[in-house]
Amino acid sequence: MPLADARARVPELVIVPFDPVLDQAWLDRLAQGCTRYTPLVALDAPDGLILDITGCTHLFDGEAGLIDDIDSRLTRLGMTLRHALGPTADAARALARYQMLPAPDEASAIRRLPVAALELEAEAATALVRAGLKTIGDLAARPTANIAARFGADAATALRRLLGDAPSPLDPRTTPPPVVAERRFAEPVASMPHATQILTELVGEAIADLGERGKGGRHFRATFFRSDGLARSIAVETGHPTRDNGLVMRLFAERMDALRDPLDPGFGFDMMRLAVPRLEPLAATQLKLEGGAVRAATEGAAMAELVDRLATRIGRGGVRKFAAADTHIPEQAQLALPAIDAPPPTPWPVPEPGEPPLRPFYLFDPPQVIEVIAEVPDGPPHRFRWRRATHAIRRYEGPERIASEWWRRKDNAGLTRDYYRVEDDRGRRYWLFRHGLYDEKPDPRWYIHGLFA
Amino acid sequence: MRESSQPLAGLRQRIARLAATGGPESRPAEGWLATGHGAFDAAFGGGLMVGRCHEFFAADALDGASAAAFAALLALRTPGQTPLLWLRTVDAGRRTGHIYAPGIAELGGDPGRLLLIETADPKMLLACANDAVRCAGSAAVIVESWGKFPLLDLTAGRRLTLGARDAGTTLLMLRLNAAPTPSVAETRWNIVAAPSHALAADAPGAPAFDLELLRWRGGPAGTHWRLDWDKDEQAFRDTALSGAVLPLAARRAIHPLGAEAA
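Residues numbered from 1 in each chain as written. Chains lettered and ligands numbered in written order. Predicted model: local features only at pLDDT ≥ 70, side-chain atom pairs only at ≥ 80, totals over all residues. Heavy atoms only, no water.

K.L.:
Could you clarify how one ought to interpret the overall build of chain A in this entry?
P.N.:
From N to C terminus, chain A includes 12 helices and 14 strands. Taken against the 2.2 N^0.38 rule, which gives 22 Å for 453 residues, the C-alpha radius of gyration of chain A at 32 Å runs more than 25% over that of a compact globule. For chain A, the spread of C-alpha atoms along the principal axes amounts to about 95 × 75 × 55 Å. For chain A, the proportion of its 453 residues judged to be buried stands at 41%. The contacts in chain A between residues at least 6 apart in sequence include a share of 55% that link residues at least 24 apart. The centroid of the 58 positive side-chain charges in chain A is displaced by 3 Å from the centroid of its 62 negative side-chain charges. (Helix = DSSP H or I, 4+ residues; strand = E, 2+ residues; numbered from the N terminus. Rg over C-alpha atoms; globule rule 2.2 N^0.38 Å. Buried < 20%, exposed > 50% of the residue type's maximum accessible area, 1.4 Å probe, protein only. Contact = heavy atoms within 4.5 Å. Lys, Arg positive; Asp, Glu negative; His and termini not counted. Charge placed at Lys NZ, Arg CZ, Asp CG, Glu CD.)

What follows is the structure, given as structure tokens:
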């Protein structure tokens, strides 16, 4: 029906543009909220969630209690829910999406599903219906080999998965973390100071668990489950494995201060969980008899903590270390890696003694276009114009010819660059290049690529 | 009046006590960032004092690379593997260029010591700088800013300086494209690129710096220095044959190609 017709029939119609990205984000938030029931939550885009509730139902007084809980929370969020339980993920999914008729038990419910539940391609589905096979039960009564021969191997596989004869593995949104501490509250916690206090206790519990395993955490994730069914996660990372309660709490405080959209308890949190998804070995610290660690905190530890704190505040990409990359292309010769990942030190090329620096101190990436007066085709530049100022070149060295990495390209092409180190009349040193030789390109352009000290 | 005079007297006593002990300003420095240039270091009692704030101005944006390289080389000259913290805003890469590690390696420094901290805005830059100077164990903390930095008023500068003094870190403020303003820095420099000593075939030579001492808390200002960076010795040197540049220029005007002048 065209929109104009719909509006004519229902004048108070609310029209919202379709936004699949927002829908996906919302589904993800719902999935995160559902981790209160089970850690294994899988997305069934665009509008479904699959929960593996094996061994989780007793917390809610059985399956019915769990479904009531999900139903009431999601209904409060304005969602319309269709749900089903099944022995396998595929069966539960098909029951939730296609069940029309009531059935006494799960097995017969699956058999009464229409063949559309197999979600085959339109051609195969039509062929099934034309053959008089309307329900899964009709199909299951036939030999699988015949089905595969007539309707394709996909139909046979889908059928076997639906009936539970073939495995239908779940792809959970996140894998369950190795260390988890969580707390559920009878009365929702509505104040942030109280929530922070509980977070401190949870961090203490998780760290005690880590200590028993001889591990330290590199990544801590706190999830706050609101009573309305939504959840919000806050994560902090450290550059080295840690079991320092104070450090983790300082990082959490830093993270919460830096949140653009502050943590809102709403009507209160009814559950909090602290997960440690990433562990690394960390030996126990020897304590002195009179108290205090034998090895005092070194300056290296202070620096590591600074890196953690700044990375928590400005993002892990904000604090970086340099690593060398093996290439001739100047702008690709360095990698700036997050310092929190503690990249191993790489060897740098040793400069030739007695030579001036051949690479600039500051590099423009991308290079900036300049206007150059130079001899054609291979002469050095005499004068160039950059950022509305003209620079007369007094000294130059070059060209240093750097070919493109043709072996990385499919067409084995790419322009050669001729680099010149130049000094202008006021003593400033620049790195200029002509992008392309005159044989390669009719009118190659000049660029400034860097500034020397 | 008697009520108010009591605290006043207390304050006077405190001031007298501070004056007697010399106050926090007189705490001796734990060392110097030396340039390796004998006369330069001797003039300042060993180099630029550790645990203080030093400002490097590049009044012209084009001299930014010189000022930055001078500060970086000064810090990377120190032995050991202590990191050099370099704080800048994310838009600095577009304005003055990205810090190029192979270029630092070419100057003889170890780029692996560099810890680059890029913040979204100057406000966060100042906040991170405050944390960075309070962390002992760095070769130096370089804070690079562009243009007028109104957030860095006397109070903010004082806070940074106190943090650096308490932790014993050296703060090198890199003020690109900015005019010198009053501050609490120990020394304040204006750095300009100097013409290098030409190599064979009139090629640009080793980095050369023109330094002007604008202010020094410990003595007279106004001295000028011209230093060359000698990467093999890892030290600053006198510019060799600095007078030789002028005749070359005159000859170049006649023979614009200039290659045969050498």
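K.L.:
Sorry if this is basic, but what is going on with the side chain of glutamate 237 of chain A here?
P.N.:
Residues and elements named next belong to chain A. Residue position: glutamate 237 is located in strand E5 (residues 231–242). By relative accessible area, which is 16% here, glutamate 237 ends up buried. Here the side chain of glutamate 237 touches arginine 316 through a polar contact of 2.8 Å, side chain to side chain. (Polar contact = N/O pair within 3.5 Å; in protein donor to acceptor, adjacent residues only side chain to side chain.)

K.L.:
Before we go on, may I ask you to explain the interface of chain B and chain A in this structure?
P.N.:
Accessible area lost during the coming together of the parts is what is often quoted as the interface size. Opposite the 73 residues of chain B that make contact, chain A presents 58 residues. Interface of chain B and chain A: buried area, both sides summed, is about 5,400 Å²; carbon and sulfur atoms make up 61% of it. Considering only the side of chain B, the residues that lose the most area to chain A are Leu62, Tyr100 and Pro204 of chain B, jointly responsible for 14% of the buried surface there. Summed over the shared surface of chain B and chain A, the result is six salt bridges. For aspartate 63 of chain B, the salt bridge identified is with arginine 428 of chain A, shortest N-O distance 2.9 Å. There are 26 residue pairs in polar contact (both at pLDDT 80 or more) connecting chain B and chain A. Tallied by class, the residues present in the side of chain B that touches chain A amount to 46 nonpolar, 13 polar and 14 charged. With three bridges joining them, strand E7 (residues 319–324) of chain A and strand E6 (residues 114–119) of chain B adopt antiparallel strand pairing. Of the residues in E6 of chain B, the one forming a bridge with valine 319 of chain A is isoleucine 117 of chain B. (Buried area = accessible area lost by both parts, 1.4 Å probe. Salt bridge = Lys/Arg side-chain N within 4 Å of Asp/Glu carboxyl O. Nonpolar A, V, L, I, M, F, W, Y, C, P; charged D, E, K, R; others polar. Pairing = 2+ DSSP bridges.)

K.L.:
Mind showing me how you'd approach the packing of aromatic side chains here?
P.N.:
What characterises a pair of aromatic rings is the spacing of the ring centres plus the angle enclosed by the ring planes. All names here are of chain A. Following the criterion strictly, the structure yields 24 aromatic pairs over all chains and no others. Among the aromatic residues, those joined into a cluster by ring pairs are Tyr419, Trp431, Phe433, Tyr447 and Phe452. Over the ring of phenylalanine 433 we find arginine 417; its NZ or CZ atom is 5.1 Å from the centre of that ring. A cation over a ring is seen here: arginine 421 above phenylalanine 452, with NZ or CZ 5.8 Å from the ring centre. (Phe/Tyr/Trp six-rings, centres within 6.5 Å; stacked < 30°, edge-to-face > 60°. Lys NZ or Arg CZ within 6 Å of the ring centre and 35° of its normal.)

K.L.:
Please explain the sheet that holds strand E3 (residues 53–58) of chain B as it appears in this structure.
P.N.:
Two pairing modes exist for strands in a sheet, parallel and antiparallel, and in both the strands are linked by backbone hydrogen bonds. The 11 strands lie next to each other as E8(A)-E7(A)-E6(B)-E4(B)-E7(B)-E8(B)-E3(B)-E9(B)-E10(B)-E11(B)-E12(B), forming an open sheet whose pairing is mixed. The open sheet has two free edges, formed respectively by strand E8 (334–338) of chain A together with strand E12 (235–238) of chain B, since each of these has just one partner strand. Strand-to-strand twist across the sheet, computed as the mean angle between neighbouring axes with direction ignored, equals 30 degrees. Relative to strand E11 (residues 224–230) of chain B, strand E10 (residues 208–216) of chain B runs antiparallel, the two being bridged by five bridges. Bridging across to E11 of chain B, glutamate 212 of chain B finds its partner in histidine 224 of chain B. Packed onto the sheet, helix H3 (residues 64–76) of chain B meets E3, strand E4 (84–89), strand E7 (140–146), strand E8 (171–176), strand E9 (187–193), E10, E11 and E12 of chain B and runs at close to 170 degrees relative to E8 of chain B. On top of the sheet, helix H6 (residues 122–133) of chain B reaches E4, E6, E7 and E8 of chain B; it is set at about 165 degrees to E4 of chain B, its chief contact. (Axes fitted to C-alpha atoms, helices over the stretch in contact; angles between N-to-C directions.)

K.L.:
Explain the sheet that holds E5 of chain A to me, please; I cannot follow it from the model alone.
P.N.:
Residue and element names in this part refer to chain A. Reading across the sheet, the four strands line up as E3-E6-E4-E5 and stay open at both edges, with antiparallel pairing between neighbours. Strands at the two margins of the open sheet, each flanked by one partner only, are strand E3 (179–189) and E5. The sheet shows a mean angle of 15 degrees between the axes of neighbouring strands, direction not considered. Where strand E4 (residues 215–226) meets E5, eight bridges bridge the pair, whose relative direction is antiparallel. Among the inter-strand pairings, arginine 221 is bridged to a residue of E5, identified as alanine 235. Against the sheet, helix H2 (residues 20–34) makes contact with E4 and E5, and its axis sits at roughly 75 degrees relative to E5, the strand it touches most. Across the face of the sheet, helix H10 (residues 192–213) comes into contact with E3, E4, E5 and strand E6 (269–281) while running at roughly 155 degrees to E3.

K.L.:
Mind showing me how you'd approach the packing of helix H8 (residues 144–151) of chain A against helix H9 (residues 153–163) of chain A here?
P.N.:
When two helices pack together, their arrangement is given by the angle between the helix axes and by the axis-to-axis distance. Residue and element names in this part refer to chain A. Two numbers describe how H8 lies on H9: the axes approach to 6 Å, and their chain directions differ by 140 degrees. Between H8 and H9, the crossing angle belongs to the class labelled oblique. Of the residues in H9, those in contact with Thr144, Ile147, Ala148 and Phe151 of H8 are Ala153, Ala155, Ala156, Leu159 and Arg160. For the contact of H8 with H9, the per-class residue count stands at seven nonpolar, one polar and one charged. (Parallel < 35°, antiparallel > 145°, perpendicular 65-115°, else oblique.)

So far we have only geometry, and geometry alone does not tell us how the molecule works.
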